[in-house]
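Chains, contacts and geometry: an overview
Residues per chain, in single letters:
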Amino acid sequence: MTVQRLSVEDAPAMARLHAEGFDRPWSADDFADFLTKRTYAAFGIVRDEKLQAFILYQQIPPELELCAIVVTPKFRREGLARTLIIDSLANFEDISTCYLEVNEHNTAARLLYASLGFEVSTVRNGYYRSQDGSAADAIVMMLQPQ
Ligand SMILES: CC(C)(COP(=O)(O)OP(=O)(O)OC[C@H]1O[C@@H](n2cnc3c(N)ncnc32)[C@H](O)[C@@H]1OP(=O)(O)O)[C@@H](O)C(=O)NCCC(=O)NCCS
């Protein structure tokens with residue numbers, strides 16, 4: 001499984017994939033904006049000649065924020081997300097801490113992050129608002145890469 005660096009040209013494929021994983025999808029323009037800034041970096045996995053998984057980071061040295069990760073439903077539970085996180089983190093130097101934020105109800109993501117050593121840092125009560133108006137906590141998790 002090869003993890004490759006993504007660029008602005010991948011923005012439409014990232015938007016397509018993001019819509020498969022999130023209720024409020026980011027547009028191709030959003031991704032193009034991110035990837036023209038040197039503080040953002042994205043990595044992906046291509047299979048069947050199509051982007052099937054990606055991860056997006058913002059670098060604020062010595063911190064790194066994991067902004068988004070998504071795997072197409074067809075290829076979930078095959079280790080793509082785990083590989084993406086491990087291999088992509090190896091690209092960053094001078095990073096002391098990687099942070100991310102996850103909805104308290106997102107069990108798959110929370111178990112993924114915990115399995116990689118991320119620990120709960122703080123909880124933002126009622127941070128997310130669902131389309132039905134209900135609130136959910138944001139769990140902030142952190143990892144100190146070796
Ligand atoms: C969360 C997500 C990225 C996981 O991707 P994935 O490629 O299926 O994850 P992996 O196969 O690498 O799983 C690694 C570990 O995470 C945990 N995990 C992943 N999905 C899980 C699930 N549905 N239920 C329970 N544990 C899960 C397991 O510990 C798994 O290890 P195992 O398969 O050996 O038991 C994927 O479900 C997704 O794209 N979800 C929608 C977008 C999203 O929620 N992103 C995260 C936002 S913070």
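What comes next concerns the included structure.

Quick notes on the rules
Residues numbered from 1 in each chain as written. Predicted model: local features only at pLDDT ≥ 70, side-chain atom pairs only at ≥ 80, totals over all residues. Heavy atoms only, no water. Phe/Tyr/Trp six-rings, centres within 6.5 Å; stacked < 30°, edge-to-face > 60°. Helix = DSSP H or I, 4+ residues; strand = E, 2+ residues; numbered from the N terminus. Buried < 20%, exposed > 50% of the residue type's maximum accessible area, 1.4 Å probe, protein only. Lys NZ or Arg CZ within 6 Å of the ring centre and 35° of its normal. Near = heavy atom within 4 Å. Polar contact = N/O pair within 3.5 Å; in protein donor to acceptor, adjacent residues only side chain to side chain. Pairing = 2+ DSSP bridges. Disulfide = S-S within 2.5 Å. Axes fitted to C-alpha atoms, helices over the stretch in contact; angles between N-to-C directions. Parallel < 35°, antiparallel > 145°, perpendicular 65-115°, else oblique. Left-handed = near helix turned anticlockwise from the far one by under 90°. Contact = heavy atoms within 4.5 Å. Nonpolar A, V, L, I, M, F, W, Y, C, P; charged D, E, K, R; others polar.

Scanning all chains against the criterion turns up ten aromatic pairs. Measuring from ring centre to ring centre gives 6.1 Å for Phe 31 and Phe 34, while their planes differ by 70 degrees; the resulting arrangement is edge-to-face. Separated by three residues within a single helix, Phe 31 and Phe 34 lie in helix H2 (residues 28–36), roughly one turn from each other. Phe 34 shares its class with Phe 31; the two are buried. Joined through ring pairs, the aromatic side chains of Trp 26, Phe 31, Phe 34, Tyr 40 and Phe 54 make up one cluster. Sitting above the plane of the Phe 75 ring, Arg 47 keeps its charged end 4.8 Å from the centroid.

On to unusual backbone geometry. Cis geometry marks the peptide bond from Pro 61 to Pro 62, where omega comes out at 10 degrees. Structurally, Pro 62 is set in the loop between strand S3 (50–60) and strand S4 (63–71). Its identity is not glycine, yet Glu 49 carries a phi of approximately 60 degrees, on the positive side. One can find Glu 49 in the loop between strand S2 (40–47) and S3. Of note, Arg 77 is a non-glycine position whose phi angle comes to about 65 degrees, a positive value. By the element assignment, Arg 77 lies in the loop between S4 and helix H3 (80–89).

Not every one of the 20 residues close to the ligand is listed here, only the nearest: Ile 69, Val 71, Arg 77, Gly 79 and Asn 106. Interatomic distance of 3.0 Å between a backbone N/O atom of Ala 81 and an oxygen atom of the ligand. At a separation of 2.7 Å, an oxygen atom of the ligand approaches a polar side-chain atom of Asn 106. Contributions of two or more residues to the shell around the ligand are made by S4, H3, strand S5 (97–103) and helix H4 (107–115).

The pairing of S3 with S4 spans eight bridges and is antiparallel. Across the sheet, residue Gln 59 finds its bridge partner in S4, namely Leu 64. In this antiparallel pair of consecutive strands, S3 and S4, the connection spans two residues.

Considering all chains together, one arrives at zero disulfides under this definition. Distance from the sulfur of Cys 67, which forms no disulfide, to the nearest cysteine sulfur (Cys 98) is 9.2 Å.

Orientation of H3 relative to H4, taken along the N-to-C sense of each, is 45 degrees, at an axis distance of 11 Å. With respect to H4, the axis of H3 lies oblique. The two elements H3 and H4 meet at a crossing, and its hand is right-handed. Where H3 approaches H4, its residues Ala 81, Arg 82 and Ile 85 are matched on the opposing element by Leu 112, Tyr 113 and Ser 115. Residues belonging to the contact of H3 with H4 are distributed by class as follows: four nonpolar, one polar and one charged.

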